[in-house]
Amino acid sequence: FFSSRRRHTRYISVTGVQTCALPISYLCTLCPWFDGGFTYAENGNIKKAEGNPDHIATRGKFCAKGLASFFAATDPDRILVPLKRVGKRGSGEWREISWEEAISEVAGKVQDASTDVDSIYLNEGGFKDSGCVRFMDTLGSRSVIRSRLLCIGAAPRQAALEQAFGVNFMLPDLQHTKYVLNFGANIMETALPLAQRLTDGIVNNRLKLVTFDVRMSNTAGRSGEWFPVFPGSDGIIALAMANVIMQKGLMNSDFIDTWTNYSSQQLAADLEEFTPERAEKASGVSAKTIKRIAIEFAKEKSATVVSQNGISYHRNGIDGESACLLLAVITGNIDTEGGACLPRQFDVAGPQPQPAPTGSASKRLNPTFPFEVKDGAHHVQVLFNHMSNPAYSSPAASLWREVLKDPELIPYLVDFSPFMSETAELADIILPDVVDVERHDVASSPSALWPWISMS
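The rules behind each value
Residues numbered from 1 in each chain as written. Predicted model: local features only at pLDDT ≥ 70, side-chain atom pairs only at ≥ 80, totals over all residues. Heavy atoms only, no water. Helix = DSSP H or I, 4+ residues; strand = E, 2+ residues; numbered from the N terminus. Rg over C-alpha atoms; globule rule 2.2 N^0.38 Å. Buried < 20%, exposed > 50% of the residue type's maximum accessible area, 1.4 Å probe, protein only. Contact = heavy atoms within 4.5 Å. Areas by Shrake-Rupley, 256 points an atom, 1.4 Å probe, with all protein chains shown as cover. Lys, Arg positive; Asp, Glu negative; His and termini not counted. Charge placed at Lys NZ, Arg CZ, Asp CG, Glu CD. Pairing = 2+ DSSP bridges. Axes fitted to C-alpha atoms, helices over the stretch in contact; angles between N-to-C directions. Patch = residues over 30% accessible without salt bridge, like charges linked within 9 Å, V, L, I, M, F, W, Y side chains within 5 Å. Salt bridge = Lys/Arg side-chain N within 4 Å of Asp/Glu carboxyl O. Expected span 1.5 Å × (residues − 1). Phe/Tyr/Trp six-rings, centres within 6.5 Å; stacked < 30°, edge-to-face > 60°.

1. Re the overall build of the protein chain
Link 1 in the chain: Helices and strands together make up the secondary structure of the protein chain, namely 17 helices and 20 strands.
Link 2 in the chain: For a compact globule of 456 residues, the expected C-alpha radius of gyration is about 23 Å, and the protein chain comes in at 25 Å, within 12% of that figure.
Link 3 in the chain: With the C-alpha coordinates of the protein chain rotated into their principal frame, the extents come out at 75 × 60 × 40 Å.
Link 4 in the chain: Relative to its full complement of 456 residues, the protein chain shows a buried share of 51%.
Link 5 in the chain: By sequence separation, contacts in the protein chain at least 24 residues apart represent 64% of the contacts at least 6 residues apart.
Link 6 in the chain: By element, 53% of the accessible surface of the protein chain is carried by carbon and sulfur atoms, the whole surface being about 21100 Å².
Link 7 in the chain: With 44 positive and 51 negative side-chain charges, the protein chain shows a spacing of 6 Å between the two charge centroids.

Shown next as C-alpha cells:
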C-alpha cells in the first residue's frame, strides 16, 4: 500500500524566498499506469509533482506529462464556474451561473428523460470508472460509451490477450529475464514503470534486447540489435520464428500439450507455411537473421516478448499481436520468472451499497457511436461527456462535431471539463472539473509482480 508514508520535504523558491512545502499523496490518473507520487503546495497552490521513490512499480519515475501536470492547477484559462450557453451551439457565447442553477437544470433534463433511461448517455474518457459511471448505474442506464480503454495498451493487443489468456494485460518480467524480443514497443519513452526495470536488466542482468521497429526509437537505440521492418510485418516475422522453433524441436512441448488447445504436432504442421524466406519478402529482415534470433530466443529459457502500438496500429493488428504472444507460449515463458506474467492487481471496490452494473458493464470502445446517432440507431435525450474531447481526438472527429452541433440529434449536452475544448464549445452547460493533481482517487494497476494500490 503506497501513500505519503515518507515525509519528503522540498524547499521551493517563491519570489526569491525559500519556503518549506510538505508533500501530499498523489495518484496520477493521466494514463492507466496510475503512478503514485507527491505534490507540493505553497499557500494553497501546487508548485511541484514528482514520483514516490518508495512505489513498488514506478520507484519515483514520472513521465514528462506527469511531472508537468501541476501546471494545469494554476492555468489562467481554467474554467472555475459553471457556464451556460446563451447563443447558438459553437458560437462561443456563455454566461456564468451558480452551481445551484447548473445542478437544478441538469437534474431537470435527466428527470424529463427518466421514462427512457437508456436515452441518457455518458461518454466516459477516464482510464478507470468514475463517479459519472456510478451515476449511470444508479439511473439504471445501459448507455455508457467509452472513448478510451480501461487497461494498458491498445485495443488489438487487449483483444489478443483476452482471446488467448482471458486477461487484458501481461507484464514482462524484465528484471529477471535474459532475452527480450520487442515488436514495435517503445518502453523507454512510453512505459516508465517498465523502462527502469529494462535498464536494470540490461545493466545488471546482461539481458539481450532485440527490437523490430520501423524507426530508431529510444528503445531501439538501446537494443543489442535493431531491425527496421516494413510496416505491419511484425506478425509474419513472429510466425516464421515460431516455425523455426517448432521445426528445430526447441519448443516446450509439455507446456503446449498441457495448457493449450493445440498439440505440438498439430501446431508444427500449421506453422510450416510461414518460412523465414516468406517472412523475409514480407518484412525486409533476412531469413538468416530470423532463424538466428528464433534459435537464440528459444535456447534462452528465461525469455519474454514485448509488443505494442507498432503492431496494434496496423491492419490485422489482433493477428499480429497473437503471433507475438505465440512465441512466449511455445517456449513456455508464461507466468514464469523472466517470462510474460499474468496481471497482479487489486480489484478496488466502489463505496457500498453499490448499484447494479448497467452502463459500467460495457468495457469496449465505441468508435461507431456518432455514425449510429446520425443514422438514427440511438435515441439520445441527454449526453454527458467526461474526461474526453471526441470532437478533436476521437476517430471521425469531424462527424462527432457535426453530430454534437445538431440539437435534433443531441438535444442536451453536458461537458465536464476544466478547460474550454472543441467538445466543450458545443455543450449546453459546462461543469468545471478538477485537474489530475487535484483528484482524490484510489487505483491499482498490474504494473508490478506484486499487487499494489495507491490513493490520493
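Additional details are given in the paragraphs that follow.
2. Regarding the sheet that holds strand E8 (residues 120–124)
Link 1 in the chain: Pairing is mixed across the open sheet formed by seven strands, whose spatial order is E7-E6-E18-E17-E16-E8-E9. Looking at which strands have only one partner, the edges of the open sheet turn out to be strand E7 (94–96) and strand E9 (144–146). The mean inter-strand angle of the sheet, taken between neighbouring strand axes irrespective of direction, is 20°.
Link 2 in the chain: Pairing of strand E6 (residues 83–85) with strand E18 (residues 429–431) involves two bridges; the strand directions are antiparallel. Pairing of Leu83 across the sheet is with Ile430, part of E18.
Link 3 in the chain: In the packing of helix H2 (residues 99–112) onto the sheet, the strands contacted are E6, E7, E8, strand E16 (382–386), strand E17 (413–416) and E18, and the crossing angle to E18 comes to about 120°.

3. A few points about the pairing of strand E5 (residues 45–51)
Link 1 in the chain: Judged from the six bridges that link them, strand E4 (residues 36–42) and E5 form a sheet pairing that is antiparallel. Note on E5: the bridge partner recorded for Gly37 is Gly51.
Link 2 in the chain: Linking E4 to E5, which pair antiparallel, is a turn of two residues; within it Asn43 sits at a positive phi near 55°.

4. Remarks on unusual backbone geometry
Link 1 in the chain: In this structure, the amide linkage connecting Gln352 to the following residue, Pro353, adopts the cis form with an omega of 0°.
Link 2 in the chain: Phi is positive for Asn43, close to 55°, though the residue is something other than glycine.
Link 3 in the chain: According to the relative accessible area criterion, Asn43 is exposed, its value standing at 70%.
Link 4 in the chain: Despite not being glycine, Ala396 has its phi angle at roughly 60°, a positive value.
Link 5 in the chain: Relative to the elements of secondary structure, Ala396 occurs in the loop between helix H16 (390–393) and helix H17 (397–405).

5. Things to note about a nonpolar patch on the surface
Link 1 in the chain: A surface patch of nonpolar side chains, amounting to about 290 Å² of accessible area, comprises Phe346, Val348, Val442 and Met455.
Link 2 in the chain: Within the element layout of this structure, Phe346 appears in the loop between strand E15 (340–341) and helix H15 (369–374).
Link 3 in the chain: Taking relative accessible area as the criterion, Phe346 reaches 42% and is therefore assigned partly exposed.

6. Some words on the pattern of salt bridges
When charged atoms on two side chains of opposite charge get close, those side chains can pair.
Link 1 in the chain: Under the definition given, this model contains 21 salt bridges.
Link 2 in the chain: For Lys48, the salt bridge identified is with Glu50, shortest N-O distance 3.9 Å.
Link 3 in the chain: For Lys48, a relative accessible area of 32% translates into the label partly exposed.
Link 4 in the chain: Of the residues examined, Glu50 reaches a relative accessible area of 13% and is grouped as buried.
Link 5 in the chain: For Lys291, the salt bridge goes to Glu277, with nearest N and O atoms at 3.5 Å.

7. Quick look at helix H6 (residues 192–204)
Residues lying three or four places apart along an α-helix face the same way, a consequence of the helix completing one turn every 3.6 residues.
Link 1 in the chain: Its 13 residues give H6 an end-to-end C-alpha distance of 18 Å, which sits within 8% of 18 Å, the value for a rise of 1.5 Å per residue.
Link 2 in the chain: All of the buried residues along H6 are Leu192, Pro193, Leu194, Ala195, Arg197, Leu198 and Gly201.
Link 3 in the chain: The inward-facing, buried residues of H6 contact strand E10 (171–172), helix H5 (187–190), strand E12 (208–212) and helix H7 (218–221).
Link 4 in the chain: Immediately beyond the C-terminal end of H6, within one or two residues, lies Arg206, with a positive phi of roughly 55°.

8. Here we look at the packing of aromatic side chains
Link 1 in the chain: In this structure the tally under the stated criterion is 10 aromatic pairs.
Link 2 in the chain: Consider the rings of Phe183 and Phe212, whose centres lie 5.1 Å apart with planes at 10°: the pair is stacked. Of this pair, Phe183 sits in strand E11 (residues 179–183) while Phe212 sits in strand E12, placing them 29 residues apart in sequence. Comparing Phe183 with Phe212, the two get one shared label, buried.

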